[in-house]
Amino acid sequence: MSTAEFEDVMDLDIEGVEASTVHPVGPTEMEARDVSVWFGQRKVLEGVNIVFPKKTVTALIGPSGCGKSTFIRTLNRLHELIPGAALAGSVLYEGKDIYDAAVDPVSIRLQIGMVFQKPNPFPSMTIRGNVLSGLKLSGMKRDNHDDIVEETLTAAGLWNEVKDRLGNAAGDLSGGQQQRLVIARALAVQPHVLLMDEPCSALDPASTLKIEETIRELSKEVTIIIVTHNMQQAVRVSDYTAFFLAEEGTPGHVVEQGATTEIFGNPQEQRTLDYVNGRFG
Amino acid sequence: MSTITFDPRTLEQLQQQKSMRPWRKKPTRFTASVTLAVVIPALIVAALYLTSDIPVPILLVVIYLPLQLIASGIAAWATKGTRGIADSVIIVNAIGASLFSVIVLVSVIGSLIVRGLRALSPHFLFQNSVYISPSTPLDYGGIGHSLVGTLLIVFIASLISVPIGIATAVYITEVRGRAVPYVRFFVQAMSGVPSVVAGLFILTIVVATGAFNQSAFAGGLAYAILMLPTVARTAEEVLKLVPDDLRTGALALGSTRARTVLRVVIPAARTGIITAVILGVARVIGETAPLLLAAGNNDQTVVNPFGSPISSVPTYIFNNVALPYPDAVTRAWGSALVLIILVAILFTLARVIGRGRVGR
Ligand SMILES: Nc1ncnc2c1ncn2[C@@H]1O[C@H](COP(=O)(O)OP(=O)(O)O)[C@@H](O)[C@H]1O
Ligand SMILES: [Mg+2]
């Protein structure tokens, strides 16, 4: 077989696989290519390839400890802050590798915002101060702070609850409110991508629904990548889903990915079927 | 389907319920044996105190404590069986030890009040000692000049040691550079420097070289050496308490490390850092030796930190307490009382601020 013939076959094959798993709709915002991750000597992720199309929601699902948080933190270069962390492969944002030596991680984090599992408003600041903290911390200049506060709090579904007490300490809010405040804070610096690591896992059902609404609304403007343990939530909010798994002493990897409807309605892998139906994890 | 009907009688009964604490109820047997265990040793020791002339400390340590241990052990055994004995031993010792420290503290403060309260008066706080000799009656003169001196010296020491101390803590907890173990070791070693050595050090390199007089500034330098380790170590502990979530949160917003520390971490630890400063002040405010050497003495009120020797409360006490004039000695005790009140105020302040909610 000639090289050309081999490539032909390979190409066809790969396209055949992609057609059933990845639905490339619209331009790509981010892409992980062969991302592998180590903590010290221990490899916790291996060969992750995922494409994140612009202005869509991608859910990352999988059992605890399979490396979802680790993976999402490689996307805005928070991973490297952990002592002993290592990484191979590349993460493309707007077509460029964010791990290129010339790239400033601070500017990457400014464009790729993040919301964490535990709400982490700054306790020394007021509600308003928290919303605007990203501008101060990053040195970003934006006018009309009052408008920014109202817009982002509205987008995060919190405006009506706090508009009369913007000067109060952020710690006075409930957990669900704090999480929405943190979302507003992330939005105030106008990120293009928003990473969310189990943003609802510590919240009550009502706050969870509010945040899900917020996510749907936001996806018209920003690309969202969300880790969730809640299958219904993945179905409700996401367009695409990637299923991570770390089997017995092996590093985590993506077992299956594709349109959320496919992953939940017609998974190709037995393990995916078992997981989404709650048979393990 | 069964429905729960509303019975008005039940409501009436409910409304007559009194608030109670059922978990406080103890069996009579328990109360009785505890009472006996408390009363019998006390009675025996009281009887010995009245009838014999065994000195009180020996009475307490050699007779009362073992007696109490035995009595409590028996009581515990009677109510809870053998497993109660160990508990009772621990409890008796804990109560005894706390009582002991309370007694020590109370007798220190008590002796200050007994010997010094007579000196206290408004003019004692506001006047200086220019026309006062050791034999002057208590109606005249005061320690105003020493209070001004102490405050000035402590202020200068804070001005120097607080920024350096916080910077050290930031280096250890936030920068986490390679030299952290050495810096830690150095700070720890510094906290072991005897205060007289700090005074001698400033005396030799600042005063003896002619760079500065004995003055509030030189005294402040000596105090700063002593304050620095306290501030640095307390601030380090406090910064460690700031959750990492906040740091990561700030970095995820596109913050630099420096901005994260200045705008998020330190403000989040603000109350704790204030506590660190106040603890540092309380650490040095009674130190005498460094000021005898570096700040000197003066009967006049001095406000210029560089010009001339300056009085302070500890040196005032030192200079007066051993004089053969009763009124001078009373003044010294009065000053000590003022000093301890000052420290108490500082600690209360630290408590109140430390408890305060974070606003703004
Ligand atoms: N800071 C760390 N140091 C060492 N190992 C880590 C660290 N964080 C996570 N891990 C390990 O990496 C694996 C993946 O963890 P994580 O990404 O948190 O999983 P998930 O978010 O899917 O539950 C786990 O086995 C975990 O023990
Ligand atoms: Mg996780």
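Quick notes on the rules
- Residues numbered from 1 in each chain as written.
- Chains lettered and ligands numbered in written order.
- Predicted model: local features only at pLDDT ≥ 70, side-chain atom pairs only at ≥ 80, totals over all residues.
- Helix = DSSP H or I, 4+ residues; strand = E, 2+ residues; numbered from the N terminus.
- Rg over C-alpha atoms; globule rule 2.2 N^0.38 Å.
- Contact = placed C-beta atoms within 7 Å.
- Buried ≥ 20, exposed ≤ 12 C-beta atoms within 10 Å, placed from the backbone.
- Pairing = 2+ DSSP bridges.
- Axes fitted to C-alpha atoms, helices over the stretch in contact; angles between N-to-C directions.
- Nonpolar A, V, L, I, M, F, W, Y, C, P; charged D, E, K, R; others polar.
- Left-handed = near helix turned anticlockwise from the far one by under 90°.
- Domains from an automatic or database assignment.
- Near = placed C-beta within 6 Å.
- pLDDT = per-residue confidence, 0-100.
- Expected span 1.5 Å × (residues − 1).

Some thoughts on the overall build of chain B
Then step 1. Across its full length, chain B holds 15 helices and 0 strands.
Then step 2. Taken against the 2.2 N^0.38 rule, which gives 21 Å for 360 residues, the C-alpha radius of gyration of chain B at 29 Å runs more than 25% over that of a compact globule.
Then step 3. Its C-alpha atoms give chain B principal-axis dimensions of about 90 × 75 × 45 Å.
Then step 4. Look at the contacts in chain B between residues 6 or more apart in sequence, and 72% of them connect residues 24 or more apart.

So, the overall build of chain A
Then step 1. Each helix and strand counted, chain A has 11 helices and 10 strands in total.
Then step 2. Oriented by its inertia axes, the alpha-carbon framework of chain A measures out at about 70 × 45 × 40 Å.
Then step 3. For chain A, the proportion of its 281 residues judged to be buried stands at 46%.
Then step 4. Pairs at least 24 apart in sequence give 69% of the contacts found in chain A among residues at least 6 apart.

A look at the sheet that holds strand S8 (residues 223–227) of chain A
In a beta sheet, neighbouring strands pair by backbone hydrogen bonds and run either parallel or antiparallel.
Residue and element names in this part refer to chain A.
Then step 1. Reading across from one edge, S6-S7-S8-S3-S9-S10 is the order of the 6 strands in this open sheet, with mixed pairing throughout. Strands at the two margins of the open sheet, each flanked by one partner only, are strand S6 (112–115) and strand S10 (253–259). Averaged over all pairs of adjacent strands, the angle between strand axes in this sheet comes to 15°, irrespective of strand direction.
Then step 2. In this sheet, S10 lies alongside strand S9 (residues 240–245) in antiparallel orientation, the contact comprising 6 bridges. Within S10, the residue paired with Tyr240 across the bridge is Ala259.

With respect to the interface of chain B and chain A
Accessible area lost when the parts come together is the quantity often used to give the size of an interface.
Then step 1. The interface of chain B with chain A comprises 21 residues on the first partner and 25 residues on the second.
Then step 2. Only helix H10 (244–252) and helix H11 (257–268) of chain B provide two or more residues apiece to the side of chain B that touches chain A.
Then step 3. Of the residues forming the side of chain B that touches chain A, the biggest block, 7 residues, is contributed by H10 of chain B.
Then step 4. Counted by class, the side of chain B that touches chain A contains 9 nonpolar, 6 polar and 6 charged residues.

Digging into the packing of helix H3 (residues 56–80) of chain B against helix H4 (residues 83–116) of chain B
Residues and elements named next belong to chain B.
Then step 1. Axis separation between H3 and H4 bottoms out at 8 Å; the angle between their running directions is 145°. Where H3 crosses over H4, the two elements pack in a sense that is right-handed. Across from Leu65, Gln68, Leu69, Ser72, Gly73, Ala75, Ala76, Trp77, Thr79 and Lys80 in H3, the residues of H4 making contact are Arg83, Gly84, Ile85, Asp87, Ser88, Val89, Val92 and Gly96.
Then step 2. When grouped by side-chain class, the residues that make up the contact of H3 with H4 number 8 nonpolar, 7 polar and 3 charged.

Focus on the domain arrangement of chain B
Residues and elements named next belong to chain B.
Then step 1. Parsing chain B into structural domains produces domain 1 (27–117) and domain 2 (144–355).
Then step 2. Between domain 1 and domain 2, the residue contacts involve 6 residues of the former and 6 residues of the latter.
Then step 3. Across the side of domain 1 that touches domain 2, the residue classes break down as 4 nonpolar, 1 polar and 1 charged.

Looking at the site of ligand 1
All names here are of chain A.
Then step 1. Around ligand 1, the structure places Phe39, Val44, Gly62, Ser64, Gly65, Cys66, Gly67, Lys68, Ser69, Thr70 and Ile82.
Then step 2. No other element matches the 3 residues that helix H2 (residues 68–74) contributes to the shell around ligand 1.
Then step 3. Broken down by class, the residue content of the shell around ligand 1 amounts to 4 nonpolar, 6 polar and 1 charged.

Examining unusual backbone geometry
All names here are of chain A.
Then step 1. Phi is positive for Glu94, which is not a glycine, with a value near 50°.
Then step 2. Position of Glu94 among the secondary structure elements: in the loop between strand S4 (85–93) and strand S5 (96–97).
Then step 3. Phi is positive for Gln190, close to 50°, though the residue is something other than glycine.
Then step 4. Positionally, Gln190 belongs in the loop between helix H7 (175–187) and strand S7 (193–197).

Observations concerning the pairing of strand S2 (residues 42–53) of chain A
Residue and element names in this part refer to chain A.
Then step 1. Note that strand S1 (residues 28–39) and S2 share 8 bridges and pair antiparallel. What sits directly across from Thr28, in S2, is Pro53.
Then step 2. Adjacent in sequence and paired antiparallel, S1 and S2 are bridged by 2 residues, among which Gly40 carries a positive phi angle near 60°.

Some thoughts on the sheet that holds S4 of chain A
Residue and element names in this part refer to chain A.
Then step 1. One open sheet accounts for 4 strands, arranged S2-S1-S4-S5; its pairing is antiparallel. Two strands bound the open sheet, and with one partner strand each, they are S2 and S5.
Then step 2. Relative to S5, S4 runs antiparallel, the two sharing 2 bridges. Looking across to S5, one finds that Leu92 is bridged to Asp97.

Quick word on the confidence of the model for chain A
Then step 1. Across chain A, the average pLDDT comes to 89, with 91% of residues at or above 70.
Then step 2. Note that residues 1–23 of chain A has pLDDT below 50 and, in this model, 10 contacts with residues that lie over four places away or in other chains.

Topic: H11 of chain B
Since the α-helix advances by 3.6 residues per turn, residues separated by three or four positions end up pointing in the same direction.
Residue and element names in this part refer to chain B.
Then step 1. Over its 12 residues, H11 runs 15 Å from end to end, which matches the ideal 16 Å to within 8%, given 1.5 Å per residue.
Then step 2. Turning to H11, its buried residues number three or more, namely Thr260, Val261, Val264, Val265, Ile266, Pro267 and Ala268.
Then step 3. Against the buried residues of H11 lie helix H6 (144–175), helix H9 (216–240), H10 and helix H12 (270–284).

Details of the environment of Gln15 of chain B
Then step 1. Checked against the element boundaries, Gln15 of chain B lands in helix H1 (residues 8–15).
Then step 2. For Gln15 of chain B, a count of 7 C-beta atoms within 10 Å gives the class exposed.

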